[in-house]
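Listed below, chain by chain, are the residues.
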Amino acid sequence: MPDTITELKSAPEVTLGTPEVKSPEVKLDTPEGKLGAELIAGLGEKPVEQKIAPKQEVKPASPIEPVKRALRDGFGEGIMLAAQENPDVVALCADLTESNKLDKFKKEYPSRFVEVGIAEQNLIGVAAGMAHVGKTAFAASFAVFSPGRSWDQVRVSVCYSNADVKVVGGHAGITVGQDGATHQALEDIAIMRCLPRMTVIVPADAIEMRKATVAAAKFKGPVYLRSGREKFPQVTSEETPFEIGKAVTLRRGNDVAIIACGNLVSEAIIAADTLAKEKISARIINMHTIKPLDERAVLDAAHDTGAIVTVEEHQIIGGLGSAVAEVIATHLPVPMERVGVRDTFGESGTSAELLDKYGLRAQDIVLAVRQALMRKEHHDIGKREVLKVPAAVVKTLKKVKVASQRKTRAKAKPQKPLRKRK
Amino acid sequence: MKDKELELLANSARQELVKTLVNAQSGHTAGPLGMADIFTVLYYDCARVDSNNPSWPDRDYIYLSNGHICPIWYVTLAMRGFFPVDELQHLRKINSLLQGHPHNETIPGVENSGGPLGQGISQAAGCAIALKADGKPNRVYALLGDGEMDEGQVWEALMFAAQHKLDNLTIIIDRNNIQIDGPTHSIMNLEPLGDKLRAFGWNVIGIDGHDIGEIKKALGKAGATRGKPTAILAQTVPGKGCSEFENNYEWHGKTPSKEQGDKALAELQEIRTRIEKRWF
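Given the structure is predicted, the values throughout are model-derived calculations rather than measurements.

Q: What's the story with the overall build of chain B in this structure? I'm lost.
A: Along the backbone of chain B there are ten helices and seven strands. For chain B, the C-alpha radius of gyration of 18 Å lies close to 19 Å, the compact-globule estimate for 280 residues. A total of 280 residues make up chain B; the buried ones form 52% of that total. Taking all contacts inside chain B whose residues are at least 6 apart in sequence as the whole, residues at least 24 apart take part in 75%.

This is how it looks when you write it as structure tokens:
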């Protein structure tokens, strides 16, 4: 099997941020090609199992399928499968049916589709009411609107009432791009994660989104499913297991653990590849369920590698990074770095430009890994010295040029070099 | 059920309510007293409910959108046999079944958790559309406060119900003209409320919310209306039956002391005697 990651990096058609460009180069006679072609040609008409080519070989550790698809495509397919399996599955939308990929569902199951108009508070309330009659209600909008402006309804009508409602936050993350900061949901994981009873799922690619949607339909109770618009490479395959609350190790490694979620898992894989060249073996964990967090996987990673880097297309406050930090700070503190949007709003731009500017690229992950490793080297639990930043770290910090970043260093380090960086 | 019987039941509910509130020393007084007649007619005469089987699939669904008036809901459910009347003394107490605002999971007969205003009507609309899609005959009722009509979500739900022609949905608006900060017309004017509801595509019925006959008639009309949801605009007197609490917005969110409660109970007993003496 060719090194798919190298292909990914060299092939222009999979450069992030060019959604129009499809990948015609994929040959249909290769396993990936077959899989890709089948995925593109109307998934959701038959159960998943039938679509798997019987002799297909899939590398267990982190293959990136060169086929780029958006999370929302996976949702559109998943809800069709869920609807086939369970006649009580209904879908609701707030005037964003096509954007949320519910158009096929609407066409196929008109009596099970409810349009609520541009009214996200009512969207969640109506979904909860439908759940009272035994429905499994998927309520979809853009994440900035729901759960953004329907948080109280999600809290009381859904979580406190334990209603079987799946809140689907579409177009989440900074990669929604040109619409700008108002439409870039970067806080949704935080506001959903803090709610009792809520399960929070952030799938890494379209295939995983499809599996997550089917799993959410089978799961009784509130679920938040984070979807996205931009096309990203596949990082999981049909064979990759998916179980709510169970992290997937995409690549084994013992020097550092990169715990990522959502679209940025693909960047984490590219980063691991770069690190491999430096003889740093990075474990990659796809943490698709943020809540309940797979604490076992986090602690194993902390124990085995002694350094953790989290990666998410979300604020570094309140999301995956915070969830992981809570676990390791409680049980097994090790040096940790968080890659994410650093307490700031986004702006208009292509998703590629935004990923670059806001420090969400493989190169940023590599930098974070180096810092974590340096701290690990000087990490000595039980001694006061751990609070001081070693000279080697200070030296590297001066070199780092990531716009408006690394404010967390400020406390541990004198002000002067920080100013120089800007 | 005869009007006189229902009036006596409503009077019993009010007396039970005053005792409950005096005991709880926390909660709302005016709204629950004002809605006693409507709750009584709904639970004893109109809605199909089974206290032995609160989750009976053929039941009518009753939602309380303005959750803070739940003491009257609890009293009615207890009297109707959903749970022992003794439970009422634990209202708002630690480890109690009866939370300060209703919780669907702990209290038999309570369909929705509520408190944050505007949420109940949306849930009722969702319930109604799901029942309709399944071709079921169950009816859905939602009780709202007039102050609650300030919430945008209420109007989202009103538009939704009319758009989807949810004629199995009936809302009853407790038009008692008060909210926490004062009279509704001085805080946020709602008038002309009936016209607004009609303009939103609803069938509107205005009634005296203390006239048992009118309440019964309006609920009957609502059930017979096809093609649009019905809103019953019930003019009520906050604190009804106890002169000290009547029409005084200060009694929205506080409870009577033992002495005030005893005075109220004496007044309610007087009213009861009058009803009993009546020949019709």
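Q: How should the packing of helix α1 (residues 3–24) of chain B against helix α3 (residues 36–46) of chain B be read in this particular structure?
A: Helices that pack against each other are described as a pair by the angle of their axes relative to one another and the distance between those axes. Residues and elements named next belong to chain B. Between α1 and α3, the least distance of the axes is 9 Å, while the angle of their chain directions is 120 degrees. As far as their axial angle goes, α3 and α1 are oblique. Two packed elements cross with a definite hand, and for α1 against α3 that hand is right-handed. Between α1, through Leu-6, Leu-9, Ala-10, Ala-13, Arg-14 and Leu-17, and α3, the contact on the second element is made entirely by Ala-36, Asp-37, Phe-39, Thr-40, Val-41, Tyr-44 and Asp-45.

Q: Even after reading the chapter, I still don't get the environment of B:Leu17, so can you show me in this structure?
A: Residues and elements named next belong to chain B. For Leu-17, the location among the structural elements is in helix α1. Here the alpha-carbon distance between Leu-17 and Thr-76, two residues 59 residues apart in the chain, equals 9.2 Å. Sequence-distant contacts of Leu-17, that is, excluding residues within four places in its chain, are made with Pro-32, Leu-33, Ala-36, Pro-71, Ile-72 and Val-75.

Q: I would appreciate a short explanation of the domain arrangement of chain A in the present structure.
A: Quite often, the size of an interface is put as the accessible area lost when its parts meet. Residues and elements named next belong to chain A. With domains assigned, chain A is organised as domain 1 (1–240) and domain 2 (248–421). On the domain 2 side, the residues contacting the 37 residues of domain 1 number 40 residues. For the side of domain 1 that touches domain 2, the elements supplying multiple residues, two or more each, are α1 (4–10), α8 (188–193), β6 (199–201), α9 (206–218) and β8 (231–234).

Q: Please clarify how α3(B) should be interpreted in this entry.
A: An α-helical turn contains 3.6 residues, so any two residues separated by three or four positions project in the same direction. Burial within α3(B) is extensive, with nine of its eleven residues counted as buried. B:Ala36, B:Asp37, B:Ile38, B:Phe39, B:Thr40, B:Val41, B:Leu42, B:Tyr43 and B:Cys46 are the residues of α3(B) that are buried.

Q: Help me understand the nonpolar core in this model?
A: Soluble, globular proteins show a tendency: their nonpolar side chains are buried together. The biggest cluster of nonpolar side chains holds 201 residues, and the ones touching the most others in it are A:Leu92, A:Ile258 and A:Val369. Those residues in contact with A:Ile258 that sit more than four places away from it in its chain are A:Ala268, A:Ala271, A:Ala272, A:Ala282, A:Arg283, A:Ile284, A:Val309, A:Val311, A:Ile365 and A:Val369.

Q: Honestly, the interface of chain A and chain B in this entry has me stumped. Any pointers?
A: At the interface, 23 residues of chain A touch 25 residues of chain B. Elements with a minimum of two residues in the side of chain A that touches chain B: α6 (120–132) and α7 (151–160) of chain A. Here the side of chain A that touches chain B gets nine residues from one element, more than from any other, and that element is α6(A). In the side of chain A that touches chain B, the residues fall into ten nonpolar, eleven polar and two charged.

Q: Any chance you could explain the sheet that holds strand β14 (residues 336–341) of chain A here in plain terms?
A: Backbone hydrogen bonds are what pair the strands of a sheet, in a parallel or an antiparallel way. All names here are of chain A. In spatial order, the strands read β9-β11-β10-β13-β14; together these five strands make up an open sheet with mixed pairing. What marks the edges here is a single partner per strand, and that holds for β9 (248–251) and β14. Taken over all neighbouring pairs, the strand axes of this sheet differ in orientation by 25 degrees on average, direction set aside. Docked against the sheet, helix α11 (residues 295–305) engages β10 (256–260), β11 (282–286) and β13 (308–315), running at close to 155 degrees with respect to β10. Sitting on the sheet, helix α12 (residues 320–331) is in contact with β10, β13 and β14, with an inclination near 145 degrees to β13.

Q: Explanation requested: the packing of α11(A) against α12(A) in the structure shown.
A: Residue and element names in this part refer to chain A. Between α11 and α12, the shortest axis-to-axis distance is 10 Å and the interhelical angle comes to 60 degrees. Relative to α12, the element α11 is oriented oblique. Two packed elements cross with a definite hand, and for α11 against α12 that hand is right-handed. Here α11 contributes Glu-295, Val-298, Leu-299 and Ala-302 to the contact with α12, which in turn contributes Val-324, Val-327, Ile-328 and His-331. Looking at the contact of α11 with α12, its residues break down into six nonpolar, one polar and one charged.

Q: Got a minute to help me understand the sheet that holds strand β7 (residues 230–235) of chain B in this structure?
A: All names here are of chain B. Taken in spatial order, the five strands make up an open sheet running β1-β2-β3-β7-β6, and their pairing is parallel. Looking at strand neighbours, the two that pair on one side only are β1 (61–64) and β6 (203–208), the edges of this open sheet. The average undirected angle you get between the axes of adjacent strands in this sheet is 20 degrees. As judged from the six bridges shared by strand β2 (residues 140–145) and strand β3 (residues 169–175), these two strands associate in the parallel manner. Bridge pairing links Leu-143 to Ile-172 in β3.

Q: Before we go on, may I ask you to explain the confidence of the model for chain A in this structure?
A: Parts of the model with low pLDDT should not have their predicted coordinates read in detail. Residue and element names in this part refer to chain A. On average, residues of chain A score 83 in pLDDT, and 74% of them reach the 70 mark or higher. Low confidence marks residues 1–62, where pLDDT is under 50. Its contacts with residues over four positions away, or in another chain, come to 84 contacts. Low pLDDT, under 50, characterises residues 401–405; the stretch is placed with eight contacts to residues that sit more than four places away or in other chains.

Q: Looking at this model, I keep getting lost on unusual backbone geometry. Mind explaining?
A: For residues besides glycine, phi is generally negative; the peptide bonds are generally trans as well. Residues and elements named next belong to chain A. With omega at -5 degrees, the peptide bond leading from Lys-291 into Pro-292 counts as cis. Looking at where Pro-292 falls in the secondary structure, it is placed in the loop between β12 (289–291) and α11. One non-glycine residue, Asn-162, adopts positive backbone phi at about 55 degrees. Its place among the elements puts Asn-162 in the loop between α7 and β5 (165–170). Although it is not a glycine, Lys-279 adopts a positive phi angle of roughly 65 degrees. With respect to the helices, strands and loops of the structure, Lys-279 is situated in the loop between α10 (265–277) and β11.

Reading the values: the criteria
Residues numbered from 1 in each chain as written. Chains lettered and ligands numbered in written order. Predicted model: local features only at pLDDT ≥ 70, side-chain atom pairs only at ≥ 80, totals over all residues. Helix = DSSP H or I, 4+ residues; strand = E, 2+ residues; numbered from the N terminus. Rg over C-alpha atoms; globule rule 2.2 N^0.38 Å. Buried ≥ 20, exposed ≤ 12 C-beta atoms within 10 Å, placed from the backbone. Contact = placed C-beta atoms within 7 Å. Axes fitted to C-alpha atoms, helices over the stretch in contact; angles between N-to-C directions. Parallel < 35°, antiparallel > 145°, perpendicular 65-115°, else oblique. Left-handed = near helix turned anticlockwise from the far one by under 90°. Domains from an automatic or database assignment. Core = buried A, V, L, I, M, F, W, Y, C linked by C-beta atoms within 7 Å. Nonpolar A, V, L, I, M, F, W, Y, C, P; charged D, E, K, R; others polar. Pairing = 2+ DSSP bridges. pLDDT = per-residue confidence, 0-100.

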